[in-house]
Amino acid sequence: MSRLIQQLIHEQQADGSWDYPFETGISTDAYMIILLRTLEINDEDLIVQLTERIFNKQEINGAWKLFYDEDRGNVSATVEAYYSLLYSGYVSKEDNRIVAAKEFILANGGLEKSHLFTKIMLALTGQYPWPAYFPIPIEMILLPLHFPINFYDFSVYGRANIAPIMILANKKYIKTTKRSPDLSDLLLSNETDEFFDKKDIEEIFSLIDQGLKQLLGLPHMIQSLAIRRTKQYMLRHIEPDGTLYSYFSSTFLMIFALLSLGHSTKDPIIVKAVQGLKAMKCTIQGHTHMQYTTATVWNTALISHVLQFANVPASASVIQKANQYLIHRQQSNYGDWAIHNPGVLPGGWGFSASNTMNPDVDDTTASLRAIVRLAQSDPHFHQAWNRGVHWIISMQNKDGGWSSFEKNVDLPFLNLLPIEGGQFLLTDPSSADLTGRTLEFLGGYTNLPHNHGIMKNGIEWLAHHQEKDGSWYGRWGICYIYGTWAAITGLIASGVSKENPVIQKAVRWLLAIQNPDGGWGESCKSDIAFSYVPLGSSNTTQTAWALDALMAVSEQITPEINAGIAYLLESIHKNDWTLSYPVGQGMGGAFYIHYHSYHIIFPLLALARYQKKFQEY
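In terms of regular secondary structure, the chain is built from 25 helices and 5 strands. Computed over the C-alpha atoms, the radius of gyration of the chain is 24 Å, within 12% of the 25 Å expected from 2.2 N^0.38 for a compact globule of 617 residues. Expressed along its principal axes, the backbone C-alpha trace of the chain runs to roughly 70 × 60 × 45 Å. Out of the 617 residues in the chain, the part that is buried amounts to 62%. In the chain, 73% of the contacts between residues at least 6 apart in sequence involve partners at least 24 apart. If you sum the accessible surface of the chain, you get close to 23700 Å²; carbon and sulfur atoms cover 52% of it. Measuring between centres, the 47 positive side-chain charges of the chain sit 4 Å from its 59 negative side-chain charges.

Below, the discussion takes up the packing of aromatic side chains. Tallying each qualifying case throughout the model produces 36 aromatic pairs. It is R97 that lies over the ring of F55; its NZ or CZ is 3.6 Å from the centre. When the ring centre of F309 is taken as origin, the NZ or CZ atom of K612, which lies over that ring, is 5.0 Å away.

Below, the discussion takes up the pattern of salt bridges. Across all of its chains, the model carries 17 salt bridges by this definition. Put simply, D29 and R53 hold a salt bridge, and the shortest N to O gap is 2.6 Å. With D29 in helix 2 (residues 27–38) and R53 in helix 3 (residues 44–56), this pair connects stretches of sequence that are 24 residues apart. Residue class for D29 comes out buried when judged on its relative accessible area of 0%. For R53, a relative accessible area of 1% puts it in the buried group. D185 is the partner of K102 in a salt bridge, and the nearest nitrogen-oxygen pair spans 2.8 Å. You can see K102 sitting in helix 5 (residues 96–107) and its partner D185 sitting in the loop between helix 7 (156–171) and helix 8 (198–212), a full 83 residues away along the chain. In this structure D185 comes out as partly exposed when scored by relative accessible area, which is 29%.

To describe two helices that pack against each other, one gives the angle between their axes and the distance between the axes. Between helix 2 and helix 10 (residues 248–260), whose axes approach to 11 Å, the crossing angle comes to 20°. With respect to helix 10, the axis of helix 2 lies roughly parallel. As for how helix 2 packs across helix 10, the hand of that crossing is left-handed. Note on element contacts: helix 10 touches helix 2 through F248, F252, I255 and F256, opposite T28, Y31, M32, L35 and T38.

Calculation notes
Residues numbered from 1 in each chain as written. Predicted model: local features only at pLDDT ≥ 70, side-chain atom pairs only at ≥ 80, totals over all residues. Heavy atoms only, no water. Helix = DSSP H or I, 4+ residues; strand = E, 2+ residues; numbered from the N terminus. Rg over C-alpha atoms; globule rule 2.2 N^0.38 Å. Buried < 20%, exposed > 50% of the residue type's maximum accessible area, 1.4 Å probe, protein only. Contact = heavy atoms within 4.5 Å. Areas by Shrake-Rupley, 256 points an atom, 1.4 Å probe, with all protein chains shown as cover. Lys, Arg positive; Asp, Glu negative; His and termini not counted. Charge placed at Lys NZ, Arg CZ, Asp CG, Glu CD. Phe/Tyr/Trp six-rings, centres within 6.5 Å; stacked < 30°, edge-to-face > 60°. Lys NZ or Arg CZ within 6 Å of the ring centre and 35° of its normal. Salt bridge = Lys/Arg side-chain N within 4 Å of Asp/Glu carboxyl O. Axes fitted to C-alpha atoms, helices over the stretch in contact; angles between N-to-C directions. Parallel < 35°, antiparallel > 145°, perpendicular 65-115°, else oblique. Left-handed = near helix turned anticlockwise from the far one by under 90°.

In structure tokens, the structure reads:
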């Protein structure tokens, strides 16, 4: 514990934060090369660095993977890598590594088998035909909030990406350059691939058409107004660093959407957006990586809390600096969350260093855990505490659970849209990890009575959404271990008895999946199968989650807990493939996250819990 604490103290930045990399594979690296070449920004040093990292991640069979145990490889990632490497200009089609990648793509269905978002990127850069129909017509943005379906029924993460796509799909915009590669030899069919079955989208087009008939104006006027409104939406949500919502994907798409509307590549908005993306680069094992976003607030909140939990005093310099950083990141802007939660003052925290208008529940409870001690003595922190707690309570959904970014944004109809990964992109439903962690905060750090309706409704949501095997699915982590940890610790902090059948069933499930070496490990395949898939090896972060859950329930040391602790102590500094295995996710089957801080934070949390609870033994 002492070594882990000292490591965290040593790696704190001068401003009090921790900026561990937010690593998401090679897609953002590939897209950055494609963006720079398409805009004819010849930043050769960056392009060379990114090509080196992409090649470094290639498998022996020529493919690229999203995670270690992803069978032979991932078609979309391989297409993105192949395209960007050719576009870089530093690799030829005759290169053996490129030949191997091409063979993998063709053997696995060609460009046609790429993910939807890969196809959109290929379409707007001239490598794939735009579909005749897009499931979300741009006119949808004009529908009023009271209409049965409207633009704000999508999740904020979905809106950030869908807004520029609506413009691009409407314009069927294409931008190529003299350096554009030709990927036509990766298409296996001569027939136009429409992305979607027209029958799948007729229902939503019909519903939207009904709403549009209530609007005054000719069809072309309505479409023109919709384009202007969508553009305004993007421009209103640009962060101070120039990015759209601090996300790489939405910023990338926004740049092309603005180009399609006549903006020059030299337009200050586009120039600043590119600078904002470049500012998110980091170095991992000597290679340059473009982060999808930064996780600075999230890392800082988690680390400040875990250090204090491990008995670093709140008066220590490391905590004071961290919490000063956090207090200045509490948001005062009214973001889109206020549309579904009107009349509530801002008080949340966001995820990244540049996020000023998109707070989320998880970052807010994490930040509040970090400042709880200072809130008891410092008026400035006490005021921030009150605003944050009030915001968290106000964000409870009508079903009793908590979601990530917004309130009651879970329209079942949207899941019928033929959008690949739509269940992760289009809605923001209550989830076990958010509900469990929020209950853990409210029950463990506030004076809210356990029998209060807010707590009871959250408890009931978790009880109702437990899987048959006793686990819970976690939305933002991998996956069932993550959700079960959050649910158990939240229920216990909320006053639920350890003997409650819901708790006991969950404990039995955790014990049943413990590995012979004492650890736990779950594969990213779980969120594709929507059932638990073992990793085949133990992972220190997932082991810490499981241990923390078991220790929340147990009043005495058990052989299983001791075996897990022994695994952590033996493995905490190992450096094999499990260390970089992604245990976070943004979109199942497409977007996985390796948090470089987790293998320090969560083992330290588990060891501190063990010390606090069982030190008399």
